[in-house]
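Coordinate inspection notes
Each chain is listed here by its residues.
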Amino acid sequence: MENNVNTIWEILDKNFPENISFIDEPDPWRFLITVMLSASTTDKQAVKAAAALFEEYPDAASVASASLQDIERLIHPAGLSRTKAPRIKEVSRYIAEHGLPTCMEELEALPGIGEKTASCYVSQVLSLPAVIADTHFVRVALRLGFTDTDDRNKAAREIRERFPEEVWYRMSMVLNLHGRTTCRPKPLCDKCLVSSLCPFSAFLNG
Ligand code: SF4
């Protein structure tokens, strides 16, 4: 079983693009806000909402002093704007006053930032090893036998224990992309390059 997991990972790693990025935003504060906006919506909607917000409020200090109603209005395309607006305002206020976060613990102490958002930030902005366990990642990891739980935080912990930290970020991106393109909720196993080794495909085909 362990051999299968390693072989599956080698095949996926070799065949997926070298650089995979879902939110292409070089500014750290803007990146963090865009990831916060992406909760429970698509990256496309999050980027659209972020662009509207940054057009009127281009930095952390300006969002910190904006009205909640205005933030809500601007981020509406990303959904859950009543929940997201106060969190975005508070995180922006913190960054305007204290500077950018420098570790997981600091990020996770901020409102509305869970393990997934914090992992996105530390891996992409701080270049630290992290597993980014979003819906796609967990679905694919579970089907392939990389983890045996669909709980995001537990799955991330299992992957961290099972694989070296050098591959955590790359694995997060590859499994995520595989989940968006092929191993969708309704999987396209006949188009999948690891179908002969996949335990879920074997289960589906009896
Ligand atoms: S064979 Fe099917 S279930 Fe397995 S990883 Fe590929 S698409 Fe997903």
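This is a predicted model, so every value here is computed, not measured.

1. Some points on the domain arrangement of the protein
- Each assigned domain of the protein is listed with its residue range as follows: domain 1 (2-19 + 131-204) and domain 2 (28-124).
- Once you take the C-alpha centre of each, domain 1 and domain 2 turn out to be 28 Å apart.
- Between domain 1 and domain 2, the residue contacts involve 10 residues of the former and seven residues of the latter.
- Of the roughly 650 Å² buried between domain 1 and domain 2, counting both surfaces, carbon and sulfur atoms make up 49%.
- Considering only the surface of domain 1 that becomes buried against domain 2, Ile132, Asn153 and Tyr169 emerge as the three largest contributors, covering 55% of it.
- Between domain 1 and domain 2 we count two salt bridges in total.
- Here Arg180 and Asp43 are joined by a salt bridge, their closest N and O atoms 2.9 Å apart.
- Applying the counting rule to domain 1 against domain 2 returns four residue pairs in polar contact (both at pLDDT 80 or more).
- Among the elements of the structure, helix H10 (152-162) and helix H11 (168-181) are those that each provide at least two residues to the side of domain 1 that touches domain 2.
- Here the element with the most residues in the side of domain 1 that touches domain 2 is H10; it accounts for four residues.
- When the residues that make up the side of domain 1 that touches domain 2 are grouped by side-chain class, the tally is five nonpolar, one polar and four charged.

2. Overview of the site of the ligand
- What surrounds the ligand is the set Arg143, Leu144, His178, Cys183, Pro187, Cys189, Cys192, Ser195, Cys198, Phe200 and Ser201.
- Contributing elements (two or more residues each) for the shell around the ligand: helix H9 (135-144) and helix H12 (199-204).
- Of the residues in the shell around the ligand, the class split is seven nonpolar, three polar and one charged.

3. Description of the pattern of salt bridges
- Summed over all chains, the structure comprises eight salt bridges.
- Between Glu72 and Arg82 there is a salt bridge; the shortest N-O distance is 3.8 Å. One end of the pair, Glu72, is in helix H5 (residues 68-75); the other, Arg82, is in helix H6 (residues 81-98), and 10 residues separate them in sequence.
- Note on Arg82: relative accessible area 68%, which makes it exposed.
- Through salt bridges with shared partners, a single ionic network connects Glu56, Asp70 and Arg73.

4. Here's the deal with the side chain of Ser38
- Looking at the secondary structure, you find Ser38 in the loop between helix H2 (28-37) and helix H3 (43-56).
- Overall, Ser38 belongs to the buried group, its relative accessible area being 7%.
- A distance of 2.6 Å separates a polar side-chain atom of Ser38 from the backbone oxygen of Val35.
- Contact partners of Ser38, with chain neighbours within four places excluded, come to Ile23, Asp43, Ala46 and Lys116.

5. Quick look at the environment of Ser40
- Structurally, Ser40 is set in the loop between H2 and H3.
- Expressed as a C-alpha distance, the spacing of Ser40 and Gly79, which sit 39 residues apart in the sequence, is 7.8 Å.

6. Re unusual backbone geometry
- A positive phi angle, close to 60°, is found at Ser40, a residue other than glycine.
- With phi around 55°, Ser127 is a residue other than glycine that occupies positive phi space.
- Here Ser127 shows up in the loop between helix H8 (115-124) and H9.

Parameters and conventions
Residues numbered from 1 in each chain as written. Predicted model: local features only at pLDDT ≥ 70, side-chain atom pairs only at ≥ 80, totals over all residues. Heavy atoms only, no water. Domains from an automatic or database assignment. Contact = heavy atoms within 4.5 Å. Buried area = accessible area lost by both parts, 1.4 Å probe. Salt bridge = Lys/Arg side-chain N within 4 Å of Asp/Glu carboxyl O. Polar contact = N/O pair within 3.5 Å; in protein donor to acceptor, adjacent residues only side chain to side chain. Helix = DSSP H or I, 4+ residues; strand = E, 2+ residues; numbered from the N terminus. Nonpolar A, V, L, I, M, F, W, Y, C, P; charged D, E, K, R; others polar. Near = heavy atom within 4 Å. Buried < 20%, exposed > 50% of the residue type's maximum accessible area, 1.4 Å probe, protein only.

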